[in-house]
Amino acid sequence: MRFPFLFITTLLFISTIFTGCGSRERYSSEAPYQKLSLYNVEKQSFVSQEDLDTLFMQTRYANDSEKNPLYLTIGRRLTKDSQYSLSRIILEKTNNLSEKEYQEKYTLLATSYLNLKLYDQAFKSLKILAKTPAAATLYYKLLLSWYYYEKGSFSSYLIALNDAYQHADHSPQVQYSILKTTWKSIQLATAPQVQQIQAHPNSNIQGWNQLRGIIDPINNPQVIRSPQKTLAQLHAWQNDHQDHPAAQLFKTTAETQPPIPNTDKIGLILPLTGKHKKASGLIQKGIFSALFEIRPPNQTISMYDSAQSDVSPLYKQAVTDDKMQTIIGPLSKSEIQDLLSNTQITVPTIVLNDSPYQKPLLTQYSISSNQEISQLVSNMMLSGYHHPLVLSDQSPLAQSITQDFNAQIEQQGGLVAQSKTLEPTNFNADISSALGTGQSLHRHKFIQSISPEPIRTVASKRQDIDSIFVTGETKNMRQIIPLLKYHYSGTLPIFATSSINTSSSTHKNKDMSAALFFDAPSLANKNNQPLQAKLQNNILKKIQASNPSGFHEYFRFYGLGLDAYMILQTSYLWDTLDGYLILGVNGTLSRDHDGNIHRELARMTFKNGQVSPDGRFDQIREHWKALTHQSFNLF
């Protein structure tokens, strides 16, 4: 009997050690739980799962008469913080509600179910709300619109969305956001969705469909070949649809339309020799591929080698001596700095990188990973990931991205739990330390040393993080991401930038299958691409056919050239229609008032070593999450 007794004693000792450094110490110092007030719930900052556990335990000390208001307040707060699974759990516990509480419960539940993709439950909640005064609220109508979108009834979605728009007249900012969401949905419509709206007799839908057709370069080649004819069509639509909601998108009339820049003579300023020769050649191929596909009449392109001369005199030569009417380039930040600090921009110019300058006639288009951070952070916050662990290597770009990421997380109300730069020779130990598994593994090693039997355990990790963001050079990411899994990152989502997607090799990519990143929507399933992107996709397929082995590695530079050409040819529509989108290779493109191009990307991952769209992500769904957050206090 001696051995079983020693074995049991050892197990009890092990249990004491493993639990002694965990959450029980925290709880033992805080129990018994104090009565929870609504004020405390509204002010609570949910940094970890432990904070939520504590909050739920405290609800047990509330009186029966206080529990419903308390649960609803917690549900509202969790919904606002995108903690939909937790909100659903606590809301489903409520019963014996007043009429007002009843409406709030099912409004919050419908929001959670839609975000969790539980559409049958969402429909049941909306059906319950339809029999209450909540059915007359703007928020209900937004949720109903979203439900129709998710169920694939695009026409019903647009009709319900127009109903929401009409009910938002008391909130002009939200009303205009609804209008912009409708316009974006129309432009991003897939072929089956366009077929739905073309077959529908609703006059509002037909108005949207006609407007979409005018700006679609496949449906209307004059968009690129003859801007004057396209503008005439747009202003004719404007005159015929003065009561249509989309009339508010017009910035001009036929009388106030500014002159359209002439693009017959294009100057291309790129480093055609030297270290940037390869990138320049890819950009050129993208531009000329678009030119040969579209073939605008009388258009010519002249080349200028910025590697052989300073860019400022080249620009002056192109514009003054050679009478170029538009310019694409230069490419590098140093060349752009030289141009913009020493030269007056006198013709429409698209530089292929970013700078701190804003000037009339200047458009800045960059494919730097820094440009992805804003969308990535917004996606994390809307998905409920507010407390990331941030890990980076020592590269200058990674440090710049980390600084930008941390600032945007805090600006949007999140909290970076820790930001750590990893030593290149010590990734393993640094990651173990950052995840907090080092002490747990050390305890296991000690226990195993005194136990006669094998001890199997799973190392515990820190509890104050809900996600991980990693950035660095690709070769380092191929070590860091697998190490995160090795050190029990578990179900924590790992976010990264598109810099991890530089190879089509399944062998190189197989260890990065845990990572989520935003990248060009042209990588997504072509069968589900917006109809309006058909022209760019056709051009891209021809480029890929000419270089199948090197396409994946270089497609962003091909896309940079193709997109720059499309910007040059159709940017006049940005001056005419608010919310106009160019469905480019490197993103869904829009331009702000300062001339900066913004790229909206698709969320991607790796499956079996191959890049693949994340099926949980949808561009329109993402806008709905933002729209419902914006209007959250309107119900």
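Position numbers for residues count from 1 along each chain, tracking the sequence in the order it is written. In keeping with the model being predicted, local features are shown solely for residues with a pLDDT of at least 70 and side-chain atom pairs are shown and tallied solely at 80 or more, while totals for entire chains, interfaces and linings include all residues. With hydrogens and water stripped out, all remaining heavy atoms of the structure feed into the side-chain values.

> Could you give an account of the side chain of T107, naming the residues involved and the relevant values?
The numbering of helices and of strands both runs from the N terminus, where a helix is a DSSP run of H or I of at least 4 residues and a strand a run of E of at least 2. Structurally, the position occupied by T107 is in helix α7 (residues 99-115). Polar side-chain contacts of T107 include one of 2.7 Å to the backbone oxygen of Q103. Contacts are assigned to residue pairs that have any heavy atoms within 4.5 Å of one another. Among residues more than four places away in sequence, those in contact with T107 are L129, Y139, L143 and F635. Here a polar contact is taken to be a pair of N or O atoms separated by no more than 3.5 Å, where protein atoms must pair a possible hydrogen donor with a possible acceptor and residues adjacent in sequence count only if both atoms sit in side chains.

> If you had to explain the packing of aromatic side chains to someone new, which residues and values would you point to?
The pairing test for Phe, Tyr and Trp rings, Trp by its six-membered ring, is centres within 6.5 Å, and the orientation test on the planes gives stacked under 30 degrees, edge-to-face over 60, and tilted for anything in between. Counted according to the given criterion, the structure contains 18 aromatic pairs. Geometrically, the ring pair formed by F517 and F606 is tilted, given 5.4 Å between the ring centres and 40 degrees between the ring planes. Taken together, the residues span a long stretch of sequence, with F517 in strand β10 (residues 515-519) and F606 in strand β14 (residues 602-607) at a distance of 89 residues. A connected cluster of aromatic rings, assembled from ring pairs, spans W146, Y149, F154, Y157 and W624. Sitting over a ring, as applied to charges here, requires NZ of Lys or CZ of Arg to be within 6 Å of the ring centre and within 35 degrees of the ring normal. In this structure, K278 is placed above the aromatic ring of Y554, and the distance from its NZ or CZ to the ring centre is 4.8 Å.

> Please set out the sheet that holds strand β12 (residues 587-591) residue by residue, giving values where relevant.
Spatially, β11-β12-β13 is the arrangement adopted by the three strands of the open sheet, whose pairing is antiparallel. With one partner strand each, in any of the chains shown, β11 (582-584) and β13 (597-600) form the two edges of the open sheet. Each neighbouring strand pair of the sheet contributes to a mean axis angle of 35 degrees, computed without reference to strand direction. Where β12 lies against β13, four bridges are found, and the strand directions are antiparallel. Its bridge partner lying in β13, L589 is registered against R599. Relative to β11, helix α26 (residues 551-570) is tilted by about 165 degrees, and along the sheet it contacts β11, β12 and β13. Strands are labelled as partners when DSSP assigns at least two bridges between them. A fitted line through C-alpha atoms represents every axis, and for helices the fit uses only the stretch in contact; the resulting angles, taken between N-to-C directions, go from 0 to 180 degrees.

> Account for the packing of helix α19 (residues 373-382) against helix α20 (residues 396-411), with residues named and values stated.
Contact pair α19 / α20: the axes reach a minimum separation of 10 Å and the direction vectors enclose 40 degrees. Judged on the interaxial angle alone, α20 and α19 are oblique. When you trace α19 past α20, the crossing you get is right-handed. Across the interface between the two elements, I373, S374, L376, V377, M380 and M381 from α19 touch I401, D404, F405, Q408 and I409 from α20. Split into classes, the residues belonging to the contact of α19 with α20 amount to eight nonpolar, two polar and one charged. Oblique is the label for any angle not under 35 degrees, not over 145, and not in the 65 to 115 range, which are roughly parallel, roughly antiparallel and roughly perpendicular in turn. Here a crossing is taken to be left-handed if its near helix is turned anticlockwise relative to the far helix by less than a right angle, and right-handed if that turn runs clockwise. Residues are grouped as follows: Ala, Val, Leu, Ile, Met, Phe, Trp, Tyr, Cys and Pro are nonpolar; Asp, Glu, Lys and Arg are charged; every other residue, Gly included, is polar.

> Which residues make up the nonpolar core, and what values do they have?
Considering soluble globular proteins, one finds that nonpolar side chains tend to be buried as a cluster. What makes a nonpolar core is a set of buried Ala, Val, Leu, Ile, Met, Phe, Trp, Tyr and Cys residues whose side-chain atoms join them at distances within 4.5 Å. Partly exposed residues are those whose accessible area sits between 20% and 50% of the maximum for their type, while under 20% is buried and over 50% is exposed, using a 1.4 Å probe and protein chains only. In terms of nonpolar packing, the biggest core is built from 132 residues, with I178 and V470 touching the most fellow members. Not counting residues up to four positions away in its chain, the partners in contact with V470 are L391, M477, I480, I481, L484, I494, F495, A496 and T497.

> How would you explain the pairing of β14 if you had to name every residue and give the values?
The side chains of a regular strand alternate between both faces of the sheet. In terms of burial, β14 is largely enclosed, as five of its six residues are buried. Here β10 runs beside β14; their pairing, made up of three bridges, is antiparallel. Bridge assignment links F517 to a residue of β14, and that residue is M604. Where β14 lies against strand β15 (residues 610-613), four bridges are found, and the strand directions are antiparallel. From the neighbouring strand, M604 faces β15, where its bridge partner is P613.

> Got a sec to walk through the confidence of the model for the chain? Specific residues and values, please.
For every residue, the predictor reports its confidence as pLDDT, a number between 0 and 100. Per-residue confidence for the chain gives a mean pLDDT of 86, with 86% of residues at or over 70. Low confidence marks residues 1-36, where pLDDT is under 50. Its contacts with residues over four positions away, or in another chain, come to 44 contacts.

> Describe the sheet that holds β14, and please don't skip the residues or the numbers.
Strand order in this open sheet of seven strands is β7-β6-β8-β9-β10-β14-β15, and the pairing throughout is mixed. Each having just a single partner strand, β7 (418-421) and β15 make up the two edges of the open sheet. The sheet contact formed by strand β9 (residues 494-495) and β10 spans two bridges and is parallel. Looking across to β10, one finds that I494 is bridged to A515.

> Break down the packing of helix α9 (residues 138-150) against helix α27 (residues 619-630) for me, with residues and values.
To describe two helices that pack against each other, one gives the angle between their axes and the distance between the axes. Put simply, α9 and α27 touch, their axes get as near as 11 Å, and they point 170 degrees apart. By the angle class used here, α9 and α27 are roughly antiparallel. For the pair α9 and α27, contact is made by Y139, L142, L143, S145, W146, Y149 and E150 and by I620, R621, W624, K625, L627 and T628, respectively. Residue composition of the contact of α9 with α27, grouped by class: eight nonpolar, two polar and three charged.

> Describe the side chain of K141, naming the residues involved and giving the relevant values.
Among the structural elements, K141 can be located in helix α9. Looking at K141, the relative accessible area reads 12%, which means it is buried. In this structure, K141 is in contact with A135, A136, A160, D163, A164 and H167, ignoring residues within four places of it in sequence.

> Outline the pairing of strand β2 (residues 300-305), supporting the account with residue identities and numerical values.
Here strand β1 (residues 265-270) runs beside β2; their pairing, made up of six bridges, is parallel. By the bridge assignment, I266 is partnered in β2 with I301. With helix α16 (residues 277-294) bridging β1 and the parallel β2, this β-α-β connection has right-handed handedness. Convention used here: a crossover is right-handed provided that the path from the first strand, over the helix, to the second strand proceeds clockwise when the strands point away from the viewer.

> Tell me about the environment of L389, and name the residues and values.
Tracing the chain through its elements places L389 in strand β6 (residues 388-392). What L389 contacts, discounting residues up to four positions off in sequence, is Q418, A434, L435, R462, I465, S467, I468 and F469.

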